[in-house]
Amino acid sequence: MKLGRDQRGFVLSGVALLLVLPAMLLATSCFAIIEMGGEAVALQTTADKVFYTGNDIERMIKKMWDDDLLTDNEPNTNAKFADLADNYRAATGLLVDITPTWMLWIHVDTGDNRYAGATYCKVDHVAPENWRYYFEDAEDGDYDEPILLVEKLGENLRITIEEYGGDLDSNGSDVYYSDPPPLWEGVGGPPPTHVGENTEVEGVVQLRVFINVRDPRGAAQYLSTVELG
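Quick caveat: nothing in here was measured; it's all calculated off a predicted structure.

Colleague: Looking at this structure, how should I read the overall build of the protein chain?
Modeller: In terms of helices and strands, the protein chain carries two helices and 13 strands. Per-residue burial for the protein chain yields a buried fraction of 36% across its 229 residues. Summed over its atoms, the accessible surface of the protein chain is roughly 13,200 Å², and 55% of this surface lies on carbon and sulfur atoms.

As C-alpha cells, this is what we get:
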C-alpha cells in the first residue's frame with residue numbers, strides 16, 4: 001500500500017537507533033548535571049551569606065565594646081543586642097540570635113539574681129582598663145548594692161567592693177563571677193560587710209556573646225562566641 005505524503009515518516013533502523021540512543025541518554029544526563037550544579041551554586045551562595053553575616057556581627061559587637069556602647073553607665077544594655085539581631089534579620093532575611101552572658105552578677109536576699117547588662121545593673125568604663133559595676137538589689141534606683149570596681153591586671157581581673165548603700169539590716173548581696181561558689185557572701189549585710197575588700201579572678205572576660213545565624217530552610221548555620229574584656 002502506498003502512503004500519502006502526510007503519512008510518510010522516518011523509521012529508525014536498528015543501527016540508527018543504537019546511534020541515537022546514547023545521545024538521548026547523554027542529553028538527559030547533562031540536564032541533570034546542570035540542575036545539580038545550580039543547586040550547588042545556590043547552596044554555596046546561602047552558606048556564604050550566612051558566614052559573612054555572622055562574621056560581620058562579630059565585628060559589630062567588638063566595635064560596640066571598644067566604643068563603650070555596652071558600658072555606658074545605662075541599665076539594660078542587653079537590649080542593644082536584641083536591636084542588633086532585629087536589624088540583621090531585616091537586612092538579610094536570615095534567622096539571627098545574639099545572646100549575651102555577663103560574668104559578674106549578684107544574688108540578693110529576696111532570692112533573685114541581678115545580672116550585669118540587665119535592668120538591675122549599670123556598667124561604666126571609667127578608665128582604659130577599669131570598669132565600675134553598679135548593682136541594684138530592689139527598685140529604689142540608687143544602684144549601689146553594691147558598687148564593684150573591676151581592674152584588668154595582666155591576665156587577671158581584680159574585683160573590689162567599693163561601696164554598699166543598701167539596708168544594713170538585710171542579709172546583703174552575694175557576689176559571683178561566672179559560676180558558683182560566690183566571691184563574697186552577704187556583702188553589705190551583718191559584719192563583716194566586705195566593703196573595701198578585693199580579690200582576683202583568672203581571665204579577663206567580662207562578657208560572652210553567643211551568635212547563631214542560620215538560613216530559614218536550615219541549609220547553613222553559623223555559630224560563634226565572642227569574648228570581651
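Having seen it, we continue.
Colleague: Looking at this structure, I do not really get the pairing of strand 9 (residues 173-177). What am I missing?
Modeller: Across a regular strand the side chains alternate sides, sitting on one face of the sheet and then on the other. With respect to burial, strand 9 is a largely interior element, five of its five residues being buried. Here strand 9 shows a buried face lined by Ser173, Val175 and Tyr177 and a second buried face lined by Asp174 and Tyr176. As defined by bridge partners, strand 3 (residues 104-108) adjoins strand 9 across five bridges and the pair is classed as antiparallel. Counted as the bridge partner of Leu104 is Tyr177 from strand 9. Direction of pairing for strand 9 relative to strand 10 (residues 184-187): antiparallel, over a ladder of two bridges. Counterpart to Val175 in the pairing with strand 10 is Trp184.

Colleague: I'm lost on the nonpolar core in this one. Help?
Modeller: The nonpolar side chains of a soluble globular protein tend to be buried with one another. Ile61, Ile98, Leu104 and Tyr133 are the most contacted members of the largest nonpolar core, which has 44 residues in total. Take this core: its biggest share by element is five residues, from helix 1 (residues 14-66). When sequence neighbours within four positions are dropped, the list of residues in contact with Ile61 reads Leu70, Phe81, Leu84, Ile98, Val209, Ile211, Val226 and Leu228.

Colleague: How should the pattern of salt bridges be read in this particular structure?
Modeller: It is possible for side chains bearing opposite charge to pair when their charged atoms get close. Counted by the stated rule, this structure contains 10 salt bridges. One salt bridge connects Arg59 with Asp56, and the closest N-O pair in it is separated by 2.9 Å. Placement of the pair is Arg59 and Asp56 together in helix 1, with a separation of three residues, close to one helical turn. The class of Arg59 is partly exposed, set by a relative accessible area of 45%. For the salt bridge of Glu227 with Arg208, the shortest nitrogen-to-oxygen distance reads 2.8 Å.

Colleague: What's the story with the side chain of Thr46 in this structure? I'm lost.
Modeller: Secondary-structure assignment places Thr46 in helix 1. Judged by relative accessible area, which is 11%, Thr46 ranks as buried. Discounting chain neighbours no more than four positions away, the residues touching Thr46 are Asp215, Arg217 and Ala220.

Colleague: Please clarify how the environment of His194 should be interpreted in this entry.
Modeller: Relative to the helices and strands, His194 resides in the loop between strand 10 and strand 11 (198-202). You can call His194 buried: its relative accessible area is 16%. A C-alpha to C-alpha distance of 9.4 Å links His194 and Thr160, two positions 34 residues apart in sequence. When near neighbours in sequence (up to four residues on either side) are disregarded, His194 contacts Ile161, Trp184, Glu185, Gly186 and Val187.

Colleague: Is there a simple way to explain the packing of aromatic side chains in this structure?
Modeller: Think of a pair of aromatic rings as described by two things: how far the centres are apart, and how the planes are tilted against each other in angle. Following the criterion strictly, the structure yields eight aromatic pairs and no others. Judged by centre distance (6.4 Å) and plane angle (80°), the ring pair of Trp102 and Tyr133 falls under edge-to-face. With Trp102 in strand 2 (residues 95-102) and Tyr133 in strand 6 (residues 130-135), this pair connects stretches of sequence that are 31 residues apart. Given the relative accessible area of 5%, Trp102 is considered buried. Looking at Arg114, its charged tip hangs above the ring of Tyr120, at a distance of 3.8 Å from the centre. When the ring centre of Tyr143 is taken as reference, the NZ or CZ atom of Lys122 above it lies at 4.7 Å.

Colleague: So what exactly am I meant to see when it comes to the side chain of Glu136 here?
Modeller: Relative to the helices and strands, Glu136 is located in the loop between strand 6 and strand 7 (147-153). A distance of 3.0 Å separates a polar side-chain atom of Glu136 from the backbone nitrogen of Asp142. Setting aside residues up to four positions removed in sequence, Glu136 forms contacts with Arg114, Tyr120, Gly141, Asp142, Tyr143 and Glu145.

Colleague: Sorry if this is basic, but what is going on with the environment of Ile106 here?
Modeller: With respect to the element layout, Ile106 can be found in strand 3. By relative accessible area, which is 0% here, Ile106 ends up buried. Along the chain, Ile106 and Phe135 lie 29 residues apart, while their C-alpha atoms are 7.8 Å from each other. Non-local contacts of Ile106, meaning those with residues more than four positions away in its chain, are made with Asp112, Asn113, Arg114, Phe135, Glu145, Pro146, Ser173, Asp174 and Val175.

Parameters at a glance
Residues numbered from 1 in each chain as written. Predicted model: local features only at pLDDT ≥ 70, side-chain atom pairs only at ≥ 80, totals over all residues. Heavy atoms only, no water. Helix = DSSP H or I, 4+ residues; strand = E, 2+ residues; numbered from the N terminus. Buried < 20%, exposed > 50% of the residue type's maximum accessible area, 1.4 Å probe, protein only. Areas by Shrake-Rupley, 256 points an atom, 1.4 Å probe, with all protein chains shown as cover. Pairing = 2+ DSSP bridges. Core = buried A, V, L, I, M, F, W, Y, C linked by side-chain atoms within 4.5 Å. Contact = heavy atoms within 4.5 Å. Salt bridge = Lys/Arg side-chain N within 4 Å of Asp/Glu carboxyl O. Phe/Tyr/Trp six-rings, centres within 6.5 Å; stacked < 30°, edge-to-face > 60°. Lys NZ or Arg CZ within 6 Å of the ring centre and 35° of its normal. Polar contact = N/O pair within 3.5 Å; in protein donor to acceptor, adjacent residues only side chain to side chain.

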